[in-house]
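A closer look at the structure
Letter by letter, the chains look like this.
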Amino acid sequence: MSKTGLFGRLWGKADGRRAAQPDEPVAAEADLDVQSIPESGPPGGAAEQAVVAEESEPAGKAGWLAKLKAGLSKSSSRLTQGITTLFTKRKLDDEALEELEELLITADLGVATAGRVTARLAKTRFGQDVEPAEVKAALADEVADILEPVAKPLEPDVSRRPHVVLVVGVNGSGKTTTIGKLAKHYRDRGLSVLLAAGDTFRAAAVEQLNVWGERTGCPVIARDTGADAAGLAFDALAEAKRRGDDLLFIDTAGRLQNKSDLMAELQKVVRVIRKQDPTAPHDVLLVLDATVGQNAHSQVEVFKDMVDVTGLILTKLDGTARGGVLVALAETFGLPVHAIGVGEKADDLRPFEARAFARSLVGLD
Amino acid sequence: MFESLSQRLSKVFDKLTGRGALSEADVAEALREVRVALLEADVALAVVKDFVARVKERAVGQEVIKSVTPGQMVVKIVHDELIATLGTEGAELNLNAVPPVAILMVGLQGSGKTTTSGKLAVRLKADRKKVLLASLDVYRPAAQRQLEILAEQAGVGSLPVVMGEMPVAIARRAMEMGRREGYDAVILDTAGRLHIDQELMAEVAQVRDAVAPTETLLVTDAMTGQDAVTLAREFNEKVGVTGIVLTRVDGDARGGAALSMRAVTGRPIKFLGMGEKLDALEVFHPDRIAGRILGMGDVVSLVEKAMATIEQDEAERLAKRIEKGKFDLDDMLSQFRQVEKMGDLKGILGMLPGIGKMAAQLKDAKIDNKMLGRQKAIILSMTKVERRNPDLIKASRKKRIAAGSGTSVQDVNKLLKQHQQMADMMKKVGKLGQKGLMRHGLGGLLPPGLGNRFGR
């Protein structure tokens, strides 16, 4: 295929200046959001309201739904454009499938997973004349089938008093922000939450969690930078027990999974917590950045191996990254995906919904 | 970071090299595998396609057919194109302006801007520049405090924080302070922002207009996937990027983002973030990285690293002994100590040519720096006479040595065998001399099954 083919058009459109077709809006992002929401949202007016409400920082159901869609459709708008240009009613032949596969690759699904998903699509529809919407729906179904089993919310067992949640991940994936959001979520549900500022390495990480503690009204157990993280976790658990808190979130310093000494340190945190409560930590959440590519496999593999990760949270889905690697991760590891992060504010955490994620990934809804 | 990509590629190239003639189909097959390897390394699809097309054009053309070793030729073409994609030369930081020179750091949330700002300050300070750090991040909790602490650690100036001040005003105040107090450079660390966030992108553009930076560095995570192209392009169009800093290169990501961003923006990659400490910032050398990607090793970096850490006298003493074909256990011990000083063993081995293929083996062998410690302990548990004359060491001595070093007789045997192999090798080197070493490369010296031998 020549360079000026699909990808010439695709990339051309993506950078918004060489838009080939006059009916494509140049600054597509904003328009697409608004277009896409009414199509799918709850009947007519409500969706519109939601869009308006989104701008004025709303509370309540319609608000978050709109925001989720806005966030996700940003992630998928480029993919959508791609598929739409591809299939204005044409035969699903080898070439079309290859292009479809490549589009999935650009969403970070990875070569193997993208190949499998398109192969399954080909099984049922090869050679048929297909319309864009139909292909999208079928593609979303394939992706959703993979994701459905892993979409499970985090359900703390408050009878444990406390239910201990350890939050781990590489540097800059968004652990501290995610803890702030989780704290808000469970505080709003009326649970008492304690936070442990276990990132004793990075400068000002403790202060950062302290701010989140203030914002959410949760006490924070902290020590100075440089203190022993395991000792802090131990004390935090003792304090949570004494106070009878429902939930304890333990923040940890970001670490690259190939640093064996830092991973050993994390194992020590777990060991030390178990001295007080052999069943703890009850959940170990690995926080992944949606912009991450195939390295996510290595992250999940190593963290799971080292500290028995029980679930994933995908952050920064409000950008153009689509987090498609999650599909590949679901295939390989089957770890629950508890929530997604779609912004920097305290309520920018959403439950992970397989169908919605899949449909958004391919540009529906 | 590039190890696994280099493993993949060297497998592909193994099939090509050593063959007399290559058909077009052979090349096409190899290039398909190159394509998958690059995609799995997170190189953006558009960049991969372009890359493969260019290689193909050259590979099926005259160049290969006329060549005596067509396989080698293909490898060379891939290598050349990799370098062309990564940029031909390393680019220095541009400080050619009336001081204080403004350096603007931009990027997504969590890409490592603040840490990189601190590292850059340390680097400039080492070049005898007076550096001021200023945080424009008024959004993330405690971000300004983080930079303040880093400034303290780096021993450079820090702009006092005024609560509630907006980024453009902070930037102006920083430049003002820079002028007033005679700073050479002012590093402006901005808040992480999404490239599609119109408002925040406009804000950083305003900052740029206010301070006219000579460098606007886009800081990105080496683990970034396909989105790297989008974000690099957007930042470049909206803010104007002069260079790229790739962070977390010390992770195991394959780092394809480096290729993508360079290809899309045409801006050079200037630095690599190699760790959490403030001195862990390296200048980017495209040719060396390309070599590492292809499993050709990065001998230049290795030699530089060795030069920086190995004591000259000790090395010369050792070289003389090797020339004479002598290599006893004391020499081995001193070698262990030198290696230890150079840092992580895996990192060093990664720089050796031909090691890429062995990486899997090495992983299984669980090479770590503790192993060196144990081996040192074994040698240290020997008497001086034993160290000079290992042949003395028989069963009962072995038992004593094992007990003394807290290891087993098997471990002692393993070490002795290893020493024997090394001594043999040293003899070879002695005979080859300097010229021979150059001709055969370091790879020629590595005995087969290196991984196993190190393993326990």
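Reading the values: rules and limits
- Residues numbered from 1 in each chain as written.
- Chains lettered and ligands numbered in written order.
- Predicted model: local features only at pLDDT ≥ 70, side-chain atom pairs only at ≥ 80, totals over all residues.
- Heavy atoms only, no water.
- Helix = DSSP H or I, 4+ residues; strand = E, 2+ residues; numbered from the N terminus.
- Buried < 20%, exposed > 50% of the residue type's maximum accessible area, 1.4 Å probe, protein only.
- Contact = heavy atoms within 4.5 Å.
- Areas by Shrake-Rupley, 256 points an atom, 1.4 Å probe, with all protein chains shown as cover.
- Pairing = 2+ DSSP bridges.
- Phe/Tyr/Trp six-rings, centres within 6.5 Å; stacked < 30°, edge-to-face > 60°.
- Lys NZ or Arg CZ within 6 Å of the ring centre and 35° of its normal.
- Polar contact = N/O pair within 3.5 Å; in protein donor to acceptor, adjacent residues only side chain to side chain.
- Axes fitted to C-alpha atoms, helices over the stretch in contact; angles between N-to-C directions.
- Domains from an automatic or database assignment.
- Buried area = accessible area lost by both parts, 1.4 Å probe.
- Expected span 1.5 Å × (residues − 1).
- Core = buried A, V, L, I, M, F, W, Y, C linked by side-chain atoms within 4.5 Å.
- Salt bridge = Lys/Arg side-chain N within 4 Å of Asp/Glu carboxyl O.
- Right-handed = clockwise from strand over helix to strand, strands pointing away.
- pLDDT = per-residue confidence, 0-100.

Focus on the overall build of chain A
In terms of regular secondary structure, chain A is built from 14 helices and ten strands. Here chain A holds 365 residues, and 58% of them are scored as buried. Across chain A, the fraction of contacts at a sequence separation of at least 24, relative to all contacts at a separation of at least 6, is 77%. If you sum the accessible surface of chain A, you get close to 14,200 Å²; carbon and sulfur atoms cover 51% of it.

A short note on the sheet that holds strand β7 (residues 283-289) of chain A
Strand order across the open sheet formed by eight strands is β5-β4-β6-β3-β7-β8-β9-β10 (chain A), with mixed pairing between neighbours. Strands with a single pairing partner mark the edges of an open sheet, and in this sheet they are β5 (220-221) and β10 (349-351) of chain A.

As for the packing of aromatic side chains
Applying the stated criterion to the full structure yields two aromatic pairs over all chains. With 6.2 Å between their ring centres and 35° between their planes, A:Tyr186 and A:Phe249 make a pair best called tilted. Within this pair, whereas A:Tyr186 is found in helix α8 (residues 175-188), its partner A:Phe249 is found in strand β6 (residues 247-250), the two being separated by 63 residues in sequence. You'll find A:Tyr186 and A:Phe249 in the same group, each marked buried. Between the NZ or CZ atom of A:Arg215 and the centre of the ring of A:Trp212, over which it lies, the distance is 4.7 Å. B:Lys130 extends its terminal NZ or CZ atom over the ring of B:Tyr183, reaching a point 4.5 Å from the ring centre.

A closer look at the side chain of B:Arg193
Residues and elements named next belong to chain B. Within the secondary structure layout, Arg 193 lies in the loop between β4 (185-189) and α9 (198-211). Assessed through its relative accessible area of 1%, Arg 193 is described here as buried. A polar contact of 2.7 Å, which involves the side chain of Arg 193, links it to the backbone oxygen of Leu 200. Among all residues touching Arg 193, those that are not within four sequence positions of it are Gly 107, Leu 108, Gln 109, Leu 200, Met 201, Glu 203, Val 204 and Phe 235.

Considerations on the sheet that holds strand β1 (residues 101-106) of chain B
Residue and element names in this part refer to chain B. The strand order β3-β2-β4-β1-β5-β6-β7-β8 describes an open sheet built from eight strands, whose pairing is mixed. Single-partner strands in this sheet number two, and they are β3 (157-158) and β8 (281-283). Two elements, strand β2 (residues 131-135) and β4, share five bridges in a ladder whose sense is parallel. From the neighbouring strand, Ala 134 faces β4, where its bridge partner is Leu 188. Against the sheet, helix α7 (residues 143-154) makes contact with β2, β3 and β4, and its axis sits at roughly 165° relative to β2, the strand it touches most. Packed onto the sheet, α9 meets β1 and β4 and runs at close to 170° relative to β1.

Structural notes on the domain arrangement of chain B
Residues and elements named next belong to chain B. When cut into domains, chain B gives domain 1 (3-86), domain 2 (101-292) and domain 3 (301-453). Between domain 1 and domain 2, the residue contacts involve 16 residues of the former and 24 residues of the latter. When domain 1 packs against domain 2, close to 1,700 Å² is buried across both sides, 63% of that on carbon and sulfur atoms. At the junction of domain 1 and domain 2, the tally comes to five residue pairs in polar contact (both at pLDDT 80 or more).

A few points about helix α6 (residues 111-125) of chain A
Between the first and last C-alpha of α6(A) there are 21 Å, a value that for 15 residues agrees with the 21 Å anticipated at 1.5 Å per step. Of the positions making up α6(A), those classed as buried are A:Val111, A:Thr113, A:Ala114, A:Val117, A:Thr118, A:Leu121 and A:Ala122. Close packing links the buried residues of α6(A) with α5 (94-106), α7 (132-147) and α13 (325-332) of chain A together with α2 (24-40) of chain B. A positive backbone phi angle near 80° is found at A:Gly127, which sits one or two residues after α6(A).

Some words on the nonpolar core
The biggest cluster of nonpolar side chains holds 146 residues, and the ones touching the most others in it are A:Leu147, A:Leu248, A:Phe303, A:Val309, A:Leu312, B:Leu188 and B:Phe235. For this core, the element with the highest residue contribution is α7(A), accounting for eight residues. Looking at this core, you find at least three residues from each of domain 1 (3-86) and domain 2 (101-292) of chain B. Residues contacting B:Leu188, with those up to four places away along its chain left out, are B:Ile103, B:Leu104, B:Met105, B:Ala134, B:Leu136, B:Ala171, B:Ala174 and B:Val211. Residues A:Ala204, B:Leu93, B:Leu133 and B:Leu217 belong to the second largest nonpolar core, which totals 25 residues.

Here we look at the pattern of salt bridges
For the structure on display, the rule yields 37 salt bridges over all chains. With a shortest N-O distance of 2.8 Å, A:Lys184 and A:Asp188 are connected by a salt bridge. Here the residue A:Lys184 and the residue A:Asp188 both occupy positions in helix α8, the gap between them amounting to four residues, near one helical turn. Where B:Glu234 meets B:Lys238, a salt bridge forms, and the shortest distance between an N and an O atom there is 2.7 Å. With B:Glu234 and B:Lys238 both in helix α10 (residues 228-238) and four residues apart, this pair spans about one turn of that helix. Under the relative-accessibility criterion, B:Glu234 is labelled buried at 14%. One network of salt bridges, with partners in common, ties together A:Asp141, A:Asp145, A:Glu148 and A:Arg355.

Considerations on the pairing of β2(B)
Residue and element names in this part refer to chain B. The buried fraction of β2 amounts to five of the five residues, a majority that puts the element mostly inside the structure. Alternating residues of β2 divide into Val 131, Leu 133 and Ser 135 and Leu 132 and Ala 134, and every residue in both groups is buried. Note on the crossover from β2 through α7 to β3: the handedness is right-handed.

Focus on the interface of chain B and chain A
Contacts between the two partners involve 40 residues from chain B and, on the opposite side, 46 residues from chain A. Taking both partners together, chain B and chain A bury about 3,800 Å²; carbon and sulfur atoms supply 57% of that area. Considering only the surface of chain B that becomes buried against chain A, B:Ile196, B:Met223 and B:Glu276 emerge as the three largest contributors, covering 15% of it. Linking chain B to chain A there are four salt bridges.

Here's the deal with α5(A)
Residue and element names in this part refer to chain A. Between its first and last C-alpha, α5 extends 18 Å over 13 residues, near the 18 Å set by a 1.5 Å rise per residue. Among the residues of α5, Ala 96, Leu 97, Glu 99, Leu 100, Glu 102, Leu 103, Leu 104, Ile 105 and Thr 106 are the ones counted as buried. Backbone geometry just downstream of α5 places Asp 108 in the positive-phi region, at approximately 70°.

Things to note about the confidence of the model for chain B
Residue and element names in this part refer to chain B. Across chain B, the average pLDDT comes to 79, with 74% of residues at or above 70. Low confidence marks residues 434-456, where pLDDT is under 50. Its contacts with residues over four positions away, or in another chain, come to 31 contacts. Of the two predicted TM-score estimates for the complex, the pTM is 0.71 and the ipTM is 0.72.

What to know about the environment of B:Arg145
Looking at where B:Arg145 falls in the secondary structure, it is placed in helix α7. Once the C-alpha coordinates of B:Arg145 and B:Gly404 are considered, the two residues, 259 residues apart in sequence, prove to be 51 Å apart. Among residues more than four places away in sequence, those in contact with B:Arg145 are A:Ala204 and A:Glu207. Within the structure, B:Arg145 has its side chain in polar contact with the side chain of A:Glu207 (distance 3.5 Å).

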